[in-house]
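Secondary and tertiary structure notes
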Amino acid sequence: MAINDGLVTVIVTTFNRSAYLQECLVSIVNQTYKNIEVFVIDDGSTTEIAKQNKAICDTFVQCTYFFKENTGQPASRNFGITRANGAFIAFCDDDDYWALDKLEKQVQILENKKEYDVVINSIEYFQEDGTKTGNIKTHVGYNHGHIFNHLLLKNRLASIVPLLRIEIFKKVGLFNEDFIIGEDWEFWRRVSYYYQFYFIDEVLAFVRLHNSNMSLSRTGVLLERYLLYKKITKSLLDWGQDRFSKIEVDEIKRIEWFYYRRLFGNNLPGYNKKLTFLKDVFKNDFKDPFRLFILYVKYNNKL
């Protein structure tokens, strides 16, 4: 893999869907920044949909179509990353699209401000029929500079937003393929430990709302939210065994308890509901209530 200075590799993942791919790719290949290559990674779509996806890709000279067996979105992104020729990497989902000057503004930051390694921006949601909702997510104040502690508490990055230097993957690794959901949060935590983020306070990407959104695969059940946060945090601590100081580990666990306390306080009013939830936690992992008790004893007075 030869890295070309200034080249942006855009990785678009898709699975069993072709309805929105054309619109997505048009917004990418028509960027005002022209030095790009586009990889569409088809994660094992059915034969007919795969044919449609390849036909769409073949209409764009910048686009290369890859078909692979179905192993999930994290693996599909990694498939594209390991084949990238660009000095910069960006991601876009097949049902979303970009403002036409997104890459131009982001590349300019990375080329002129060497202290930053990831550039992000605001997003706006739009309806399935293309109607913009006016619902804009910026997270101003939480996504510029060193944002590691902010990402410990909440994921503030849409996956279609960041542009990052390819060297980052050599330092922190690829996406964790053990995750079905939450893989982006897990990954950006690792990135933010080492690297600074630059925030452009403009809407440069648009996220479609519809019934088959990956983000809607979460049920919203409290136990699921708890288990996802626990898994993401355990993954971070495992990754950081030879990186984190004792003080950093202590801070990660303190914020972990803060997350749980807020989750329980906002969603489990009354003693009986808390007890019922702890029973569900016990059924999932009989050691977990004891772990929560230790976090409570050690960190509750430090919040």
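Up top is the structure.
Reading the values: rules and limits
Residues numbered from 1 in each chain as written. Predicted model: local features only at pLDDT ≥ 70, side-chain atom pairs only at ≥ 80, totals over all residues. Heavy atoms only, no water. Helix = DSSP H or I, 4+ residues; strand = E, 2+ residues; numbered from the N terminus. Rg over C-alpha atoms; globule rule 2.2 N^0.38 Å. Contact = heavy atoms within 4.5 Å. Areas by Shrake-Rupley, 256 points an atom, 1.4 Å probe, with all protein chains shown as cover. Lys, Arg positive; Asp, Glu negative; His and termini not counted. Charge placed at Lys NZ, Arg CZ, Asp CG, Glu CD. Patch = residues over 30% accessible without salt bridge, like charges linked within 9 Å, V, L, I, M, F, W, Y side chains within 5 Å. Salt bridge = Lys/Arg side-chain N within 4 Å of Asp/Glu carboxyl O. Buried < 20%, exposed > 50% of the residue type's maximum accessible area, 1.4 Å probe, protein only. Axes fitted to C-alpha atoms, helices over the stretch in contact; angles between N-to-C directions. Left-handed = near helix turned anticlockwise from the far one by under 90°. Nonpolar A, V, L, I, M, F, W, Y, C, P; charged D, E, K, R; others polar. Pairing = 2+ DSSP bridges. Right-handed = clockwise from strand over helix to strand, strands pointing away. Polar contact = N/O pair within 3.5 Å; in protein donor to acceptor, adjacent residues only side chain to side chain.

A few words now on the overall build of the protein. The helix and strand tally for the protein stands at 11 helices and nine strands. The C-alpha atoms of the protein give a radius of gyration of 20 Å, which matches the 19 Å a tight globule of 303 residues would have. For the C-alpha atoms alone, the extent of the protein along its principal axes is close to 60 × 45 × 35 Å. In the protein, 80% of the contacts between residues at least 6 apart in sequence involve partners at least 24 apart. With an accessible surface of roughly 14,700 Å², the protein has 53% of that area assigned to carbon and sulfur atoms. Positive and negative charge centroids in the protein, built from 40 and 38 side chains respectively, lie 8 Å apart.

Together, Lys137, Lys154, Arg225 and Arg262 line one region of the surface with positive charge. Structurally, the position occupied by Arg225 is in helix H8 (residues 222-239). On the basis of relative accessible area, Arg225 is assigned to the partly exposed category, the value being 35%.

Moving on, we come to the pattern of salt bridges. Going through the model one piece at a time under the given rule, you end up with 19 salt bridges. Where Lys230 meets Asp285, a salt bridge forms, and the shortest distance between an N and an O atom there is 3.5 Å. Of this pair, Lys230 sits in helix H8 while Asp285 is found in the loop between helix H10 (271-284) and helix H11 (288-299), placing the two residues 55 residues apart along the sequence. With relative accessibility at 18%, the residue Lys230 sits in the buried group. Classification of Asp285 as partly exposed rests on a relative accessible area of 26%. A cluster of three or more residues bridged by salt bridges with shared partners is formed by Lys230, Glu256, Asp285, Asp288 and Arg291.

A cluster of nonpolar side chains, contributed by Phe293, Ile294, Tyr296 and Val297, occupies part of the molecular surface with about 430 Å² of accessible area. Residue classification places Tyr296 among the partly exposed positions, given a relative accessible area of 42%.

This part covers the environment of Ile232. Here Ile232 is to be found in helix H8. In sequence terms Ile232 and Phe187 are 45 residues apart; their C-alpha atoms lie 9.2 Å from each other. With sequence-adjacent residues up to four places away left out, Ile232 is seen in contact with Phe179, Gly182, Trp185, Glu186 and Arg189.

H8 packs onto helix H7 (residues 183-194) with a crossing angle of 40° between their chain directions and a minimal axis gap of 10 Å. Along this stretch, H7 crosses H8, giving a crossing that reads as right-handed. Contact residues: H7 offers Trp185, Glu186, Arg189, Arg190, Tyr193 and Tyr194, while H8 offers Tyr229, Ile232, Thr233, Ser235, Leu236 and Trp239. Residues of the contact of H7 with H8, tallied by class, amount to seven nonpolar, two polar and three charged.

It is worth spelling out the pairing of strand S6 (residues 118-127) at this point. Burial analysis of S6 places eight of its 10 residues in the buried class, which makes it a mostly covered element. Across two bridges, S6 lies against strand S8 (residues 163-165) in antiparallel orientation. What sits directly across from Val119, in S8, is Leu163. Bridge count for S6 against strand S9 (residues 197-209) is 10 bridges, and the pairing is parallel. Bridging across to S9, Phe126 finds its partner in Arg208. Sheet analysis places S6 next to strand S7 (residues 132-137), joined by three bridges and oriented antiparallel. Across the sheet, the residue bridging to Phe126 is Lys132, located in S7.

This next bit is on the pairing of strand S3 (residues 63-67). Looking at chain direction, strand S2 (residues 36-42) and S3 are connected through five bridges and run parallel. Its bridge partner lying in S3, Val38 is registered against Cys63. A crossover connection joins S2 to the parallel S3 through helix H2 (residues 47-57); in handedness this β-α-β unit is right-handed.

Bringing the environment of Asp129 into the picture now. Examined against the element boundaries, Asp129 turns out to sit in the loop between S6 and S7. Relative accessible area serves as the criterion here: at 64%, Asp129 is assigned to the exposed category. Among the polar contacts made by the side chain of Asp129, one reaches the side chain of Thr131 at a distance of 2.9 Å.

Below, the discussion takes up unusual backbone geometry. For residues other than glycine, phi is negative in most cases, and the peptide bonds are mostly trans. A positive phi angle, near 55°, is found at Asn16, a position not held by glycine. As for its placement among the helices and strands, Asn16 is situated in the loop between strand S1 (4-14) and helix H1 (21-29). In this structure, His139 is a non-glycine residue whose phi angle is positive, near 55°. Positionally, His139 belongs in the loop between S7 and helix H5 (148-153).

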